[in-house]
Amino acid sequence: MFQVSGIPETLVRYCDDFVILLKRNGKLVLNQVRQMLGRLGLELHPDKTKIVHAEKGFDFLGMHFRLHPVRKKGSRLRKSCRIWPSDSSVSRIKQRVREVIGRRYSKALEDMITLLNPVLRGWNNYHKVRGTAPKRRCMLNAFVRERLRIFLKRKYSDQSRGNKRVPSNLPVRLELYQFG
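Procedures and definitions
- Residues numbered from 1 in each chain as written.
- Predicted model: local features only at pLDDT ≥ 70, side-chain atom pairs only at ≥ 80, totals over all residues.
- Heavy atoms only, no water.
- 1 Å grid on protein atoms, 1.4 Å probe; cavity = no way out; pocket = protein on both sides within 12 Å on 5 of 7 lines; lining within 4 Å.
- Points joined across faces, edges and corners; volume = space filled by probe spheres on them.
- Helix = DSSP H or I, 4+ residues; strand = E, 2+ residues; numbered from the N terminus.
- Nonpolar A, V, L, I, M, F, W, Y, C, P; charged D, E, K, R; others polar.
- Pairing = 2+ DSSP bridges.
- Axes fitted to C-alpha atoms, helices over the stretch in contact; angles between N-to-C directions.
- Salt bridge = Lys/Arg side-chain N within 4 Å of Asp/Glu carboxyl O.
- Buried < 20%, exposed > 50% of the residue type's maximum accessible area, 1.4 Å probe, protein only.

### What about the layout of surface pockets?
Considering only enclosed or pocket space, the largest pocket measures out at about 1,800 Å³ in volume. Forming the walls of the largest pocket are 50 residues, and the residues nearest its centre are Phe18, Val19, Ile20, Lys50 and Phe58. Put simply, the parts of the chain that give the lining of the largest pocket at least two residues each are strand 1 (10–14), strand 2 (17–21), helix 1 (26–39), strand 3 (58–60), strand 4 (63–69) and helix 2 (87–101). With six residues, helix 1 is the largest single contributor of residues to the lining of the largest pocket. Its residues assigned to classes, the lining of the largest pocket shows 26 nonpolar, 10 polar and 14 charged.

Given below as C-alpha cells:
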C-alpha cells in the first residue's frame, strides 16, 4: 500500500507503529499518509504524529534515534545515526525496579536479586544495541545497587545508610544482573 501510494521515501514499520524517513516535504507526505490510512478506515494518533529533524532526534519503540556528525577525520560519511534507550524507557525500568523491590522486608537479599534479575535481563536484551550509551547503563547499575542498599537499610533499620550490609562487590557475588 505504501509503495502504491507514490510516497518516495523509506518506511520503517513494526506492527502498527511506523516512521517515514524523508529529506524534505514532510507536511506533504504526512497529508498523503493521512489520505492513504483514511481509505483503510484508520487515522493517525495526533499525540504520536510529528515531523522532526533527525539532528534533534526522535523516540521509536523505546529507543532514541539521533543523527550526529562523524568526528573521524578523512571519513566520507558526514553523519551517522546514534541509538540509545529513550528517557521514558529508562524511567519505566526504574519504576519497575522500585515496584519489584517495594516494601518486601521479609525477603532476603538473595531472593530480591532473584526477583530482579529477569526484569533487568529482559530490559537489557530489548535495548541491547552494540556500543549504545554505556553511561546510561552504568547509571542504571548504580541505581539498582542504590535501591538494594535502601532496601537493606530499611529492612534492618540501619543508621549507616546500609553501607555496612552492602559491600561494593556483594551484588556481583550474589549474581545481580549488570547492564552492559
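Structure's up, so let's keep going.
### What about the sheet that holds strand 5 (residues 79–85)?
Picture the strands of a sheet paired through backbone hydrogen bonds; they go either parallel or antiparallel. Spatially, the three strands line up as an open sheet ordered 3-4-5, and their pairing is antiparallel. Either end of the sheet is taken by a strand with one partner, and the two such strands are strand 3 and strand 5. Taking each pair of neighbouring strands and ignoring which way they run, the sheet shows an average axis angle of 35 degrees. Here strand 3 runs beside strand 4; their pairing, made up of three bridges, is antiparallel. Each bridged residue has a counterpart across the sheet, and for Asp59 the counterpart in strand 4 is His64.

### With respect to the pattern of salt bridges
Evaluation of the coordinates by the stated rule reveals four salt bridges. A salt bridge links Glu55 to Lys79, with the nearest nitrogen and oxygen atoms 2.8 Å apart. Of this pair, Glu55 sits in the loop between helix 1 and strand 3 while Lys79 is found in strand 5, placing the two residues 24 residues apart along the sequence. For Lys79, a relative accessible area of 38% corresponds to the partly exposed category. A salt bridge links Arg149 to Glu146; the shortest N-O distance between them is 2.6 Å. Remark: Glu146 and Arg149 occur in helix 4 (residues 134–156); sequence separation between them is three residues, near one turn of the helix.

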